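Topology and contacts: notes
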Amino acid sequence: MTKPLDAGVIRISAIQPGGISRSRFSIGLGISARGDVNAVRELILATPAIHFAARAHGSFDFIATVHGQVSSEVLATVESLRTLPEVAYLDSWTHLDLVKEGYARSVGHELRL
């Protein structure tokens, strides 16, 4: 059982659920791009405050979740996205309550240690 671990083939790690608390401010973003979306994608990837992002089809080209300790951190992230000429439209909403967040799913089966 430890051979794959020793060889570095698999790693076991814990994912701490994000959740919402008094010390954590979270908003969701919907981003519509114009032209080449790679500049938007690269800024999303380079921004530590963006904890989740997905390429989307529908009303937005990207959806994302931004977290910060204070609202000014989150606002700075939003404003950096708005400055990109490739961002045609940015919508935001506040996360008021966490309804579901789960990480128990797995590719094949769940390993219990």
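Throughout this description, residue numbers start from 1 for each chain and increase along the sequence as written. Restriction of local features to residues with pLDDT of at least 70 applies here, the model being predicted, together with a cutoff of 80 or more for giving and counting side-chain atom pairs; totals for whole chains, interfaces and linings are based on all residues. To get the side-chain values, take all heavy atoms of the structure and skip hydrogens and water.

Focus: a nonpolar patch on the surface
Defined as follows: Like charges within 9 Å and nonpolar side chains (Val, Leu, Ile, Met, Phe, Trp, Tyr) within 5 Å are joined into patches, using only residues over 30% in relative accessible area that form no salt bridge. All accessible areas in this document rest on Shrake-Rupley with a 1.4 Å probe, and a residue is counted as covered only by the protein chains that are shown. By definition, a salt bridge exists where a carboxyl oxygen of Asp or Glu is found within 4 Å of a side-chain nitrogen of Lys or Arg. Burial classes: relative accessible area under 20% of the type maximum marks a residue as buried, over 50% as exposed, and values in between as partly exposed (1.4 Å probe, protein chains only).
A contiguous nonpolar patch, built from Phe52, Ile63 and Trp93 and spanning about 270 Å² of accessible area, is present on the exposed surface. Residue Trp93 is classed as partly exposed on the basis of its relative accessible area, which comes to 37%.

Some points on the side chain of Thr77
Filter applied, for reference: Only runs of H or I of at least four residues qualify as helices and only runs of E of at least two qualify as strands under DSSP, and these elements are numbered from the N terminus. Contact definition: two residues touch when any of their heavy atoms are within 4.5 Å.
Tracing the backbone shows Thr77 in helix α3 (residues 71-82). Given a relative accessible area of 7%, Thr77 falls into the buried group. If sequence neighbours within four positions are ignored, Thr77 has contacts with Thr47, Ala49, Ile50 and Val66.

Focus: α3
Stated formally: For a helix, the expected span equals 1.5 Å multiplied by the residue count minus one.
For α3, built from 12 residues, the straight-helix expectation of 16 Å at 1.5 Å per residue is met to within 8% by its first-to-last C-alpha distance of 16 Å. Buried residues along α3 sit in contact with β1 (25-33), α2 (38-46), β2 (50-55), β3 (62-68) and β4 (87-94).

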